[in-house]
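These are the residues of each chain, in order.
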Amino acid sequence: QVQLVESGGGLVQAGDSLRLSCAASGRTFSSDAMGWFRQAPGKEREFVAAITRSGGTTYYADSVKGRFTISRDNGKKMVYLQMNSLKPEDTAVYYCAAAMTGWPSRMLDDYTYWGQGTQVTVSS
């Protein structure tokens, strides 16, 4: 079992930055690839970013590439999402997820464990 708890969401203005955190507990954290997804009202949950077990390789959705950075600290069992130059279209609930396969997939079904989500609202 893995428990994931996100934090760091909030209400910001366009152009601002936020840093989301995800605290993991349970099974060996360093065995899992980690991802961030988001879901806007009325839309399907979508891939945002993913990171390999070691943190050496990262992947991003085209919509956030160059603005968002995913990172992890295996010693602290934490995953982060640094979000810069935020846009109103980034407004969504952001979810942290763990992939037991160890592969940083873009597909929701490849992730076994999910956090409860944290709301990010970007005003124009």
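Residues numbered from 1 in each chain as written. Predicted model: local features only at pLDDT ≥ 70, side-chain atom pairs only at ≥ 80, totals over all residues. Heavy atoms only, no water.

Draft legend 1. Geometry of the sheet that holds strand S1 (residues 2-7). Taking strand neighbours across the sheet as the criterion, the 4 strands line up as S1-S3-S8-S7 in an open arrangement whose pairing is antiparallel. Pairing within the sheet leaves two strands with one partner each, and these edge strands are S1 and strand S7 (68-73). Here the strands of the sheet are splayed against their neighbours by 15° on average, with no regard to which way each runs. Where strand S3 (residues 18-26) lies against strand S8 (residues 78-83), 6 bridges are found, and the strand directions are antiparallel. (Pairing = 2+ DSSP bridges. Helix = DSSP H or I, 4+ residues; strand = E, 2+ residues; numbered from the N terminus. Axes fitted to C-alpha atoms, helices over the stretch in contact; angles between N-to-C directions.)

Draft legend 2. Inspection of the pairing of strand S4 (residues 33-39) at higher detail. Across the 7 residues that make up S4, a large majority, 6, are buried. Where S4 meets strand S9 (residues 92-99), 7 bridges bridge the pair, whose relative direction is antiparallel. Each bridged residue has a counterpart across the sheet, and for glycine 35 the counterpart in S9 is alanine 97. Here S4 pairs with strand S5 (residues 46-51) via 5 bridges, running antiparallel. Counterpart to glycine 35 in the pairing with S5 is alanine 50. As consecutive antiparallel partners, S4 and S5 are separated by 6 residues, and within that stretch glycine 42 has a phi angle of approximately 80°, a positive value. (Buried < 20%, exposed > 50% of the residue type's maximum accessible area, 1.4 Å probe, protein only.)

Draft legend 3. A look at the environment of leucine 108. Mapped onto the elements, leucine 108 comes out in the loop between S9 and strand S10 (113-114). In the structure, leucine 108 is positioned 61 residues away from phenylalanine 47 in sequence and 7.4 Å away in space, judged by C-alpha atoms. Those residues in contact with leucine 108 that lie beyond four places of it in its chain are Phe37, Arg45 and Trp114. (Contact = heavy atoms within 4.5 Å.)

Draft legend 4. Local environment of the side chain of arginine 72. With respect to the helices, strands and loops of the structure, arginine 72 is situated in strand S7. A polar atom in the side chain of arginine 72 sits 3.1 Å from the backbone oxygen of phenylalanine 29. Here threonine 52 takes part through its backbone oxygen, which lies 2.9 Å from a polar atom of the side chain of arginine 72. Beyond its immediate sequence surroundings of up to four residues, arginine 72 is in contact with Phe29, Ser30, Asp32, Ala33, Met34, Ile51, Thr52, Arg53, Ser54, Gly55, Met78 and Val79. (Polar contact = N/O pair within 3.5 Å; in protein donor to acceptor, adjacent residues only side chain to side chain.)

Draft legend 5. Broad picture of the packing of aromatic side chains. Scanning all chains against the criterion turns up 5 aromatic pairs. Ring centres of phenylalanine 37 and tryptophan 114 lie 5.0 Å apart, and the angle between their planes is 55°; on these two criteria the pair is classed as tilted. On the criterion of sequence distance, the pair formed by phenylalanine 37 in strand S4 and tryptophan 114 in strand S10 is long-range, its members being 77 residues apart. For phenylalanine 37, a relative accessible area of 0% corresponds to the buried category. By relative accessible area, which is 27% here, tryptophan 114 ends up partly exposed. Every member of this aromatic cluster is reached through a ring pair, and the members are Phe37, Phe47, Tyr111 and Trp114. In this structure, arginine 72 packs its charged tip against the face of phenylalanine 29, placed 4.4 Å from the ring centre. (Phe/Tyr/Trp six-rings, centres within 6.5 Å; stacked < 30°, edge-to-face > 60°. Lys NZ or Arg CZ within 6 Å of the ring centre and 35° of its normal.)

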